[in-house]
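This is what each chain is made of:
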Amino acid sequence: MSSKDAPPPLPEPVGVPVADSHTHLDMQSSTVEEALARAAAVGVDTVVQVGCDLKGSRWAAETAAAYAQVHAAVALHPNEAPRIVLGDPDGWSRQGAREGGGDAALDDALAEIDRLAALPEVKAVGETGLDYFRTGAEGMAAQERSFRAHIEIAKRHGKALVIHDREAHADVLRVLAEEGAPERTVFHCYSGDADMARVCADAGYFMSFAGNVTFKNAQPLRDALAVAPLDLVLVETDAPFLTPAPYRGRPNAPYLVPITVRAMAAVRGIDEEAMSTAIAVNTARAFDY
């Protein structure tokens, strides 16, 4: 394999164990056992496995039931909702080409997410939200209807809500305000600026930072991290995506969390131990484990 496809080396372990608040083990090349062992070796002792469709959400729940250090989040990703309603002729998602099933198909899929959300190993409903990067105007209604339904499911089951917000900040915040956010709401792969971080802080929303906070062009993200209250900050990989510098473009995995933790500590001007301690406490509080 070329160096760009090779997994990065294990970083120095963190002194205080931390959690990866958002990962996709089902999209990574290693087995669950390998991924968890590598993570544990560097002090990443807990992961939240996140579903993006029905198959992935069922897998997340089963995996969390089988491994004590894995917690599950279940949802239809914002880009999945329009595919269910309108179809996916190009087969862009992992399901391959699909016919549209209309609103009835979305209702059926949401009923299955609702069933999974009741399971004790499922700690969150997500990733849900809005994505205007991949979905055009024709898919917005399905996305918003799905997002509102997920908010209701999370509140009814007393679970955290995990938000995917891509180029849709104002509308995500609007829908949360209109529906009333669950008690614990997490902005996964936080992508807003410092002004939005202040809005999220006022609302008590958690902000989870991924490897892209280390990217050269990500100063707005570092500015947001600098003003976010320390008790609302989480870390994640979103693996296999968003591998932190200097390994950008190579496959990401939970064991690379320490690189991002160290970058976050530097932005905050605190030591690594203080950053890790805050993250560990915050993640347990956010996901109620």
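In this report, we go over the structure that sits alongside the text.

Rules of the game
Residues numbered from 1 in each chain as written. Predicted model: local features only at pLDDT ≥ 70, side-chain atom pairs only at ≥ 80, totals over all residues. Heavy atoms only, no water. 1 Å grid on protein atoms, 1.4 Å probe; cavity = no way out; pocket = protein on both sides within 12 Å on 5 of 7 lines; lining within 4 Å. Points joined across faces, edges and corners; volume = space filled by probe spheres on them. Helix = DSSP H or I, 4+ residues; strand = E, 2+ residues; numbered from the N terminus. Nonpolar A, V, L, I, M, F, W, Y, C, P; charged D, E, K, R; others polar. Pairing = 2+ DSSP bridges. Axes fitted to C-alpha atoms, helices over the stretch in contact; angles between N-to-C directions. Contact = heavy atoms within 4.5 Å.

1. Quick word on the layout of surface pockets
Here comes step 1: There is about 820 Å³ of room inside the largest pocket.
Here comes step 2: In terms of lining residues, the largest pocket is bounded by 28 residues, among which His77, Arg134, His164, Arg166 and Phe241 are the most central.
Here comes step 3: In terms of residue count, the dominant contributor to the lining of the largest pocket is strand S7 (residues 160-166) (3 residues).
Here comes step 4: Looking at side-chain class alone, the lining of the largest pocket contains 7 nonpolar, 10 polar and 11 charged residues.
Here comes step 5: Space inside the second largest pocket adds up to approximately 280 Å³.
Here comes step 6: Around the second largest pocket, the lining is made up of 14 residues, and of these Arg83, Gly87, Asp88, Arg134 and Thr135 lie nearest the centre.
Here comes step 7: Of all elements in the fold, only helix H3 (80-86) and strand S4 (87-88) reach the threshold of two or more residues within the lining of the second largest pocket.
Here comes step 8: The element that contributes the greatest number of residues to the lining of the second largest pocket is H3, accounting for 3 residues.
Here comes step 9: A breakdown of the residues in the lining of the second largest pocket according to their chemical character gives 4 nonpolar, 5 polar and 5 charged.

2. Here's the deal with the sheet that holds strand S8 (residues 185-187)
Here comes step 1: Strand order in this open sheet of 8 strands is S1-S2-S3-S6-S7-S8-S9-S10, and the pairing throughout is parallel. Each edge of the sheet is formed by a strand with only one pairing partner; in this case those strands are strand S1 (18-23) and strand S10 (233-235). The average undirected angle you get between the axes of adjacent strands in this sheet is 30 degrees.
Here comes step 2: Pairing geometry for strand S6 (residues 122-131) and S7, over 6 bridges, is parallel. When the bridges of S7 are listed, Val125 appears paired with Leu161.
Here comes step 3: Each of S6 and S7 touches helix H5 (residues 140-157); the most contacted strand, S6, lies at about 160 degrees to it.

3. Some words on unusual backbone geometry
The phi torsion of most residues other than glycine is negative, and most of the peptide bonds are trans.
Here comes step 1: Gly126 connects to Glu127 through a cis peptide bond whose omega is 15 degrees.
Here comes step 2: For Glu127, the position within the fold is in strand S6.
Here comes step 3: Backbone torsion omega between Ala245 and Pro246 reads 5 degrees, so that peptide bond is classified as cis.
Here comes step 4: If you check the backbone angles, Asp288 has positive phi at about 55 degrees while not being a glycine.
Here comes step 5: Along the chain, the position of Asp288 falls in the segment after helix H10 (272-287).

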